[in-house]
Amino acid sequence: SAVISQKPSRDICQRGTSLTIQCQVDSQVTMMFWYRQQPGQSLTLIATANQGSEATYESGFVIDKFPISRPNLTFSTLTVSNMSPEDSSIYLCSVMVGSSTDTQYFGPGTRLTVL
Amino acid sequence: AQSVTQLGSHVSVSEGALVLLRCNYSSSVPPYLFWYVQYPNQGLQLLLKYTTGATLVKGINGFEAEFKKSETSFHLTKPSAHMSDAAEYFCAVSSGNTPLVFGKGTRLSVIA
């Protein structure tokens, strides 16, 4: 498995601002993902964070709204841009580790509230 | 494409009673199936998974699940519920090295 940390753990932001969420893993991972969990809902994949290249976004998510960086094998950031109250969610980082590429592990999440 | 249907958004059981959480999947390729648990204000923890081999898989905290290909099901069970089992449970599917697709989740309540 892997130890995954996210910063910040929670934040309250104003409409129209941006927030960058960091995901740090204690070991090199093969794949990193970002998910969104809206209040009372399941998890929806936002994108796959690719090391050294542009992220791969799922339908309904765009780079201008959710820019992602992954400069190395242990770190990624997700930015939520020009926020609106509809962006209030939990954002979770997830990774696949080493040869166990069939299993995803999750960070503790970042709880975002947009006023 | 793959999808997961969890029957019952909320299940309530008495302490000591059997826990049964239902999950059906759709997949055009052999599925990899997972159950995760989410306690309040926490991230997701892997309970158990099925990839290949034995169809009855055992996980943490006394949970187990059985893969039934003919029924496209992967139901989660536990013989005796504890108060500490109260949480949100998510069933998920992948094709191995692809991102998970989640069901809508089932909230388990345990009544003393």
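Along every chain, residues carry numbers that run from 1 in the direction the sequence is written. Labels are handed out in written order, letters beginning with A for the chains and numbers beginning with 1 for the ligands. Note on the predicted model: pLDDT of at least 70 is required for a residue's local features to be given, and 80 or more for side-chain atom pairs to be given and counted; whole-chain, interface and lining totals, by contrast, use all residues. Only hydrogens and water are removed before side-chain values are computed, so all heavy atoms of the structure are retained for them.

Draft legend 1. Expanded view of the environment of Ala47 of chain A. All names here are of chain A. The secondary structure listing takes helices from DSSP runs of H or I that are at least 4 residues long and strands from runs of E that are at least 2 residues long, numbered from the N terminus. Structurally, Ala47 can be placed in strand E5 (residues 43-49). Taking the C-alpha atoms as reference points, Ala47 and Phe61, 14 residues apart in sequence, are found 7.7 Å from one another. Here, two residues are considered to be in contact whenever any of their heavy atoms come within 4.5 Å of each other. What Ala47 contacts, discounting residues up to four positions off in sequence, is Met32, Phe33, Trp34, Ala55, Thr56, Tyr57 and Ile68.

Draft legend 2. Seen up close, the packing of aromatic side chains. In this analysis, rings of Phe, Tyr and Trp, with Trp reduced to its six-membered ring, are considered paired at centre separations within 6.5 Å, and the interplanar angle assigns stacked below 30 degrees, edge-to-face beyond 60, and tilted for intermediate values. A full pass over the atoms with the stated rule returns twelve aromatic pairs over all chains. Measuring from centroid to centroid gives 5.4 Å for Phe106 of chain A and Tyr36 of chain B, while their planes differ by 85 degrees, and the two rings are edge-to-face. On the criterion of chain membership, the pair formed by Phe106 of chain A in strand E10 (residues 100-106) and Tyr36 of chain B in strand E4 (residues 32-38) is interchain, its members lying in two chains. Working definition: with a 1.4 Å probe on protein chains only, accessible area under 20% of the residue-type maximum means buried, over 50% means exposed, and in between means partly exposed. Accessibility expressed as a relative area gives 10% for Phe106 of chain A, which makes it buried. Under the relative-accessibility criterion, Tyr36 of chain B is labelled buried at 0%. On the numbers, 5.9 Å between centres and 55 degrees between planes, the contact of Tyr36 of chain B with Phe102 of chain B is tilted. Of the two residues, Tyr36 of chain B sits in strand E4 while Phe102 of chain B sits in strand E10 (residues 101-102), which places them 66 residues apart along the sequence. Just as Tyr36 of chain B is buried, Phe102 of chain B falls in that class too.

Draft legend 3. View of the environment of Ala65 of chain B. Residues and elements named next belong to chain B. With respect to the helices and strands, Ala65 occurs in strand E7 (residues 64-68). On the basis of relative accessible area, Ala65 is assigned to the buried category, the value being 1%. Distance in space between the C-alpha atoms of Ala65 and Leu47 is 9.8 Å, their sequence separation being 18 residues. The contacts of Ala65, once residues within four sequence positions are left out, are Trp35, Leu48, Thr55, Leu56, Val57, Phe74, His75 and Leu76.

Draft legend 4. Inspection of the environment of Thr5 of chain B at higher detail. Residue and element names in this part refer to chain B. Relative to the assigned elements, Thr5 resides in strand E1 (residues 3-7). Given a relative accessible area of 43%, Thr5 falls into the partly exposed group. In this structure the C-alpha to C-alpha distance between Thr5 and Cys91, which are 86 residues apart in sequence, comes to 8.2 Å. The residues touching Thr5, leaving out its near neighbours within four places in the chain, are Arg22, Cys23 and Asn24.

Draft legend 5. Region of the structure containing the sheet that holds strand E7 (residues 68-72) of chain A. Residues and elements named next belong to chain A. At least two bridges found by DSSP between two strands are what make those strands a pair. What the four strands build is an open sheet, ordered E1-E3-E8-E7; its pairing is antiparallel. Edge positions in the sheet fall to strand E1 (4-7) and E7, since each of these pairs with one other strand and no more. The mean angle between the axes of side-by-side strands here comes to 15 degrees, regardless of whether they run parallel or antiparallel. As judged from the three bridges shared by E7 and strand E8 (residues 75-80), these two strands associate in the antiparallel manner. Following the sheet pairing, Ser69 is matched in E8 by Thr77. Axes, fitted as lines to C-alpha atoms, cover a helix only where it is in contact. Angles between the N-to-C directions of the axes lie from 0 to 180 degrees.

Draft legend 6. Highlighting the layout of surface pockets. Approximately 460 Å³ is the volume found for the largest pocket. For cavity detection a 1 Å grid was placed over the protein atoms alone, and a set of points counts as a cavity when a 1.4 Å probe fits there but cannot get out; an open set counts as a pocket when protein lies on both sides within 12 Å along at least five of seven lines, with lining residues being those that have an atom within 4 Å of a point. Forming the boundary of the largest pocket are 25 residues, of which Gln37, Gly40 and Gln41 of chain A together with Gln38 and Glu88 of chain B lie nearest the centre. Secondary structure elements with two or more residues in the lining of the largest pocket: strand E9 (89-97) and strand E11 (110-114) of chain A together with strand E9 (87-94) of chain B. Residue polarity follows a fixed list, in which Ala, Val, Leu, Ile, Met, Phe, Trp, Tyr, Cys and Pro are nonpolar, Asp, Glu, Lys and Arg are charged, and the others, Gly among them, are polar. For the lining of the largest pocket, the residue count by class is seven nonpolar, 14 polar and four charged. Grid points are joined across faces, edges and corners, and a volume is the space filled by probe spheres set on the points. The computed volume of the second largest pocket comes to approximately 340 Å³. Around the second largest pocket sit 16 residues that line it, and Leu43, Thr44 and Leu45 of chain A together with Val101 and Phe102 of chain B are the ones nearest its centre. Mapped onto the lining of the second largest pocket, the elements with two or more residues apiece are E5 of chain A together with E10 of chain B. A total of three residues in the lining of the second largest pocket trace back to one element, the largest contributor, which is E5 of chain A. Residues of the lining of the second largest pocket, tallied by class, amount to eight nonpolar, six polar and two charged.

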